[in-house]
Amino acid sequence: VKVSFWGVRGSTPVSGAEFVRYGGSTSCVSVARDGDELPRLVLDAGTGLRNLARQLGSEPFRGTIALSHMHWDHTQGLPFFRPADHDAATVDLRLPVDPDGDLDAEQVLSGVMQPPFFPIGPRDLGGTWTFGDVECGRAWSVDGLSVVAHDVPHKGGRAVGYRVTDGTSTMAYVPDHRPTAFGGGDDGFGAYHPAAIALAADADVLVHGAPFLAAELELADRYGHTTLPYAVGLAERAGVRQLVVTHHSPARSDDQLDEIAERAAASSSVAVVFAREEMTVSTRPS
Ligand SMILES: [Zn+2]
Ligand SMILES: [Zn+2]
C-alpha cells in the first residue's frame, strides 16, 4: 500500500516559519494500492484535505472518506475539499456514530456543519454523498483495499482506528487514542489496549498519534492521547515494521520535532519516522 500524508498536525492548524518542514495542516491521510495514481480512500478530513485537493486538481473525487472521530482537527477540511464538492463526485462518508445516541451519521456531521457554526450543511455540497456509520470488526472493500475498523479509547465521543490491506501489505491508522488507564502496563505508560494491538498486529506501517512526551502524561490524560513511548511500545509489541508518528503537537516547532524524532529512532527496536505533510510511504519493496 501507498500512504500519503496531507495533514500531520494535531488539535489545531498552525502556520509560521517554525512549522514549514513538518507542516501545519491537521489530520488527513490517503491510502492507495502501489501503482494507483488516484487515491480512493481518505482517512480523516482535517485541514490537510486541501493539500490533497491540490494534488487532484480538477479531477472529481470518487471514493470513501472515513473519519476516525468528529473532533475539529479531523473534520474541518471537509467543506473545503473541492474535488468532492463537484457535480461528478461520488463520496461515501463514514464516521463513528454513538450507538447509544439517536442521531444517524448525517445528523452527527450536521452537528459541526450548520449555522451558526458554519454557513452550509453536508447536503449543500456538490456531487453524490452517502453518509454511514463505521461498523466495527467487519471488513469492507474500497477499490481493491480491504478496510476494517475497531473502536479505540480516546476522549469526548466515539473514536475508531483503521486497518487497511491490499492483500500483500497492511497499514494501520490510529491517530487519536489513549490507554484506558495511565501508568501501569508493561512499560508504565498504560496497558496496551487490545483493539490497538489488533489494528497494528504485524502491520507494515502503523500511523499513530503521539503529541505528548513521557514527561507530559498529565496533558495526555487531559486530552485523551498517548505519549510517544506508548506509541513506540505498541509498535514493538504488535510486530510493526515501521512506525510513523503523526498528530504532532501544535506547540512543537520543526527543530523540536527533529530532536524528538532522532531520539525516538535511536532508542527503538522498530523503525520510527515522524510524518511530514506531503510525505508518501510505500510498502513496495524497492
Ligand atoms: Zn485529533
Ligand atoms: Zn481527538
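This text follows the structure it describes.
Described in the following lines is the structure provided in the data block.

Concerning the overall build of the chain
Then comes step 1: Along its length, the chain carries six helices and 14 strands.
Then comes step 2: Each principal axis of the C-alpha atoms in the chain carries an extent, and together these give about 50 × 45 × 40 Å.
Then comes step 3: For the chain, with 286 residues in total, the buried portion stands at 53%.
Then comes step 4: Counted over contacts in the chain with a minimum sequence separation of 6, partners at least 24 positions apart contribute 66%.
Then comes step 5: A total of about 12100 Å² of accessible surface is found on the chain, and carbon and sulfur atoms cover 49% of it.
Then comes step 6: Of note, the chain has its 23 positive side-chain charges centred 3 Å away from the centre of its 37 negative side-chain charges.

Re the coordination of the zinc ion (ligand 2)
Between any two of four tetrahedral donors, the ideal angle at the metal is 109.5 degrees; between two of six octahedral donors, it is 90 or 180 degrees.
Then comes step 1: At this site the zinc ion (ligand 2) is bound by His69 (NE2), His71 (ND1), His154 (NE2) and Asp176 (OD), with donor distances of 2.1 to 2.3 Å.
Then comes step 2: Each of the four donor atoms bound to the zinc ion (ligand 2) contributes to angles spanning 89 to 167°, and the resulting shape is irregular.
Then comes step 3: Read in sequence order, the donor residues for the zinc ion (ligand 2) give the motif H-x1-H-x82-H-x21-D.
Then comes step 4: The metal-metal distance between the zinc ion (ligand 2) and the zinc ion (ligand 1) comes to 3.4 Å, with Asp176 coordinating both.

What counts, and where the lines are drawn
Residues numbered from 1 in each chain as written. Chains lettered and ligands numbered in written order. Predicted model: local features only at pLDDT ≥ 70, side-chain atom pairs only at ≥ 80, totals over all residues. Heavy atoms only, no water. Helix = DSSP H or I, 4+ residues; strand = E, 2+ residues; numbered from the N terminus. Buried < 20%, exposed > 50% of the residue type's maximum accessible area, 1.4 Å probe, protein only. Contact = heavy atoms within 4.5 Å. Areas by Shrake-Rupley, 256 points an atom, 1.4 Å probe, with all protein chains shown as cover. Lys, Arg positive; Asp, Glu negative; His and termini not counted. Charge placed at Lys NZ, Arg CZ, Asp CG, Glu CD. Donors = N, O, S within 2.8 Å, 3.2 Å for Na, K, Ca; no water. Tetrahedral: all angles 85-135°; square planar, octahedral: opposite > 155°, others 65-115°.

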